[in-house]
Amino acid sequence: MPKRCLVCQHERPHVFSWTALLSLAPFRRDLLPPLHEWLCAACEAEADWIGTGCIRCFRPLEHMDQRYVKETEQGLLCYDCQRWLEWENKRGASPVLDWNRSVLRYNAWTQELIARYKFRGDERLKYFFAAVIREHARQQGIDTGQIDLVTAIPLSSGRLSERGFNQSGLIARLVAETWQRPYRSDLLQRQGAEEKQSKKGKQARMEKILTMFLNNPACQADIINKRIMVIDDIYTTGATVHAAALALKRGGAKQVFSYTVAR
Ligand SMILES: [Zn+2]
Ligand SMILES: [Zn+2]
């Protein structure tokens with residue numbers, strides 16, 4: 001069995017067998033190998049791991065103009081999160097999203113990997129993405145025992161039938177297994193079609209995006225007072241995970257966090 005790098009397919013020296021991994025039934029969390037066992041040295045060097053960032057959204061801050069970064073008791077807060085804080089304070093609400101953590105910088109390498117997974121259907125990459133989230137959370141010292149439920153951003157039914165699977169859902173299910181927390185796919189429902197970039201102002205667009213999801217009324221009892229982890233592939237503006245978090249908070253969730261593969 002050739003031992004190839006998951007990403008570039010070049011042979012790599014260590015033993016790793018997809019056949020062995022894929023035939024595991026049921027999936028065993030202790031068999032999700034560590035990062036260096038998936039990649040050749042060259043690809044491992046391309047994986048740009050995010051170690052620190054904004055305390056809330058985990059935006060890397062080292063290249064940011066320090067005038068836009070605010071020091072708080074808990075740590076540094078980016079400009080976007082300062083705006084979120086204002087928005088929440090105006091409504092007298094608790095944080096919409098308690099925090100986000102992202103594992104990899106969205107460089108060309110990560111972009112290619114995610115495109116292969118999402119658009120070209122390379123489903124086995126879910127194991128890699130679940131492994132990097134697990135490894136990152138471990139390094140960040142996140143107490144995953146505090147999480148009551150793991151869920152994922154739902155796709156619209158149109159996208160779901162076009163793509164055949166919810167890419168974030170597959171990752172979330174594996175992450176939930178590695179953390180030994182329950183996975184639920186039905187906590188959120190998408191309202192209407194997926195949002196296209198509109199010509200409305202930024203504020204109006206934001207308000208519209210925030211209505212993107214509803215909490216599932218049938219899951220009310222499961223959402224109330226729970227600490228919920230939402231998994232998604234990419235954090236861009238953060239609007240999607242904030243919209244999901246808002247829906248869950250409106251359903252009574254105690255805390256909502258998100259883990260995204262890239263940003
Ligand atoms: Zn490689
Ligand atoms: Zn931030």
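The protein is annotated in an unreviewed UniProt entry as Phosphoribosyltransferase from Caldalkalibacillus thermarum. In UniProt, the protein has this text filed under Sequence similarities (unreviewed entry): "Belongs to the ComF/GntX family."

S.K.: When you look at the coordination of the zinc ion (ligand 1) in this model, what are you seeing that I'm missing?
M.R.: Octahedral metals with six donors have ideal donor angles of 90 or 180 degrees. Tetrahedral metals with four donors have an ideal donor angle of 109.5 degrees. Bound to the zinc ion (ligand 1) are the protein donor atoms Cys5 (SG), Cys8 (SG), Cys40 (SG) and Cys43 (SG), situated 2.3 to 2.4 Å from the metal. Because the angles between the 4 donor atoms bound to the zinc ion (ligand 1) fall within 107 to 116°, the donor set is best described as tetrahedral. Of note, the donors binding the zinc ion (ligand 1) are all from one chain and are spaced C-x2-C-x31-C-x2-C. You can see Cys5 sitting in the segment before helix 1 (18-22) and its partner Cys40 sitting in the loop between helix 1 and helix 2 (41-46), a full 35 residues away along the chain. In this pair, the class of Cys5 matches that of Cys40, namely buried.

S.K.: Any chance you could explain the confidence of the model for the protein here in plain terms?
M.R.: Low pLDDT means the predicted atomic positions in that stretch should not be read closely. Per-residue confidence for the protein averages 86 on the pLDDT scale, and 87% of its residues sit at or above 70. With pLDDT under 50 throughout, residues 23-30 is counted as low confidence; its partners more than four residues away or in other chains account for 9 contacts.

S.K.: Quick question: what am I supposed to make of the pattern of salt bridges here?
M.R.: Between side chains of opposite charge, a pair can form as their charged atoms come close. For the structure shown, the criterion picks out 16 salt bridges. Of the charged contacts, one joins Glu112 and Arg120 as a salt bridge, the two residues approaching to 2.8 Å between their closest N and O atoms. Under the relative-accessibility criterion, Glu112 is labelled partly exposed at 37%. Among the residues examined, Arg120 registers a relative accessible area of 51% and is labelled exposed. Salt-bridge contacts for Glu123 lead to Lys126; the nearest nitrogen and oxygen are separated by 3.1 Å. Overall, the relative accessible area of 35% leaves Glu123 in the partly exposed class. Through salt bridges that share partners, Asp48, Glu62 and Arg105 make up one connected network.

S.K.: How should the environment of Leu155 be read in this particular structure?
M.R.: Secondary-structure assignment places Leu155 in the loop between strand 4 (149-152) and helix 6 (157-163). For Leu155, a relative accessible area of 14% corresponds to the buried category. Along the sequence, Leu155 and Leu188 sit 33 residues apart, while their C-alpha atoms lie 10.0 Å from each other. Setting aside chain neighbours within four positions, we find Leu155 in contact with Leu160, Arg163, Phe165, Asn166, Gln167 and Arg190.

S.K.: Explanation requested: the coordination of the zinc ion (ligand 2) in the structure shown.
M.R.: Donor atoms from the polypeptide that bind the zinc ion (ligand 2) are Cys54 (SG), Cys57 (SG), Cys78 (SG) and Cys81 (SG), placed at 2.3 Å. Around the zinc ion (ligand 2), the 4 donor atoms are arranged such that angles at the metal cover 103 to 116°; this shape is classified as tetrahedral. Positions of the donor residues of the zinc ion (ligand 2) along the chain correspond to the pattern C-x2-C-x20-C-x2-C. Note that Cys57 is positioned in the loop between helix 2 and strand 1 (70-71) and Cys81 in helix 3 (residues 79-90), a separation of 24 residues in sequence. Overall, the relative accessible area of 1% leaves Cys81 in the buried class.

S.K.: Is there a simple way to explain the sheet that holds strand 7 (residues 227-234) in this structure?
M.R.: Within a sheet, neighbouring strands are paired by backbone hydrogen bonds and run either parallel or antiparallel to one another. The 4 strands are arranged 3-8-7-4 in an open sheet whose pairing can be described as parallel. In this open sheet, the two strands that pair with only one neighbour each are strand 3 (99-104) and strand 4. The sheet shows a mean angle of 25° between the axes of neighbouring strands, direction not considered. Pairing analysis gives 5 bridges linking strand 3 to strand 8 (residues 255-262), with the strands arranged parallel. Paired with Leu104 across the two strands is Ala262, which belongs to strand 8.

S.K.: Sorry if this is basic, but what is going on with the environment of Arg124 here?
M.R.: Tracing the chain through its elements places Arg124 in the loop between helix 4 (108-118) and helix 5 (125-139). We classify Arg124 as partly exposed; its relative accessible area is 23%. In terms of polar contacts, Arg124 uses its side chain to reach the side chain of Asp122, at 3.0 Å.

S.K.: Where do I start with the packing of helix 5 against helix 7 (residues 167-179) in this structure?
M.R.: Relative orientation and spacing of two packed helices are given, respectively, by the angle between their axes and the distance between those axes. Orientation of helix 5 relative to helix 7, taken along the N-to-C sense of each, is 45°, at an axis distance of 9 Å. In terms of axis orientation, helix 5 runs oblique to helix 7. In the crossing of helix 5 with helix 7, the sense of the turn from one axis to the other is right-handed. Each of Lys126, Tyr127, Phe129, Ala130, Ile133, Arg134 and Ala137 in helix 5 lies in contact with helix 7, whose residues at this interface are Leu170, Ile171, Leu174, Val175, Thr178 and Trp179. For the contact of helix 5 with helix 7, the per-class residue count stands at 10 nonpolar, 1 polar and 2 charged.

Reading guide: rules and limits
All residue numbers refer to positions counted from 1 along the written sequence of the respective chain. Note on labels: chains are lettered from A, ligands numbered from 1, in written order. Local features in a predicted model are, by the rule used here, given only for residues with pLDDT of at least 70; side-chain atom pairs are given and counted only at 80 or more, and totals for whole chains, interfaces and linings are based on all residues. Here the side-chain values reflect all heavy atoms present in the structure, with hydrogen atoms and water set aside. UniProt positions are given in the numbering used here, feature names are shortened, and annotations may be inferred rather than shown by experiment. For Na, K and Ca the donor cutoff is 3.2 Å, while for all other metals N, O and S atoms count as donors only within 2.8 Å; water does not appear among the atoms, so some sites may look incomplete. Just to be clear on the cut-offs, tetrahedral is four donors with all angles between 85 and 135 degrees, square planar is four donors and octahedral six with opposite donors over 155 degrees apart and all others between 65 and 115, and anything else goes down as irregular. Only runs of H or I of at least four residues qualify as helices and only runs of E of at least two qualify as strands under DSSP, and these elements are numbered from the N terminus. To sort residues, take the accessible area from a 1.4 Å probe on protein chains only and compare it with the maximum for the residue type: under 20% means buried, over 50% means exposed, and anything in between is partly exposed. The predictor's confidence in any single residue is recorded as pLDDT, a number from 0 to 100. Whether two residues are in contact is decided by their heavy atoms: any pair within 4.5 Å suffices. By convention in these notes, a salt bridge is any Lys or Arg side-chain nitrogen within 4 Å of a carboxyl oxygen on Asp or Glu. Pairs of strands are assigned from DSSP output, requiring at least two bridges between the strands. Axis geometry follows a simple rule: fit a line to the C-alpha atoms, using only the stretch in contact for helices, then measure angles between N-to-C directions, giving values from 0 to 180 degrees. N or O atoms within 3.5 Å of each other form a polar contact, as long as, within protein, one can give a hydrogen and the other can take it, and as long as residues adjacent in sequence are counted only when both atoms are side-chain atoms. Orientation categories follow fixed angle ranges, with anything under 35 degrees roughly parallel, anything over 145 roughly antiparallel, 65 to 115 roughly perpendicular, and all other angles oblique. In this scheme, a crossing is called left-handed if the near helix is turned counterclockwise away from the far one by less than a right angle; it is called right-handed if the turn is clockwise. Think of it as three bins: nonpolar holds Ala, Val, Leu, Ile, Met, Phe, Trp, Tyr, Cys and Pro, charged holds Asp, Glu, Lys and Arg, and polar takes everything else, Gly as well.

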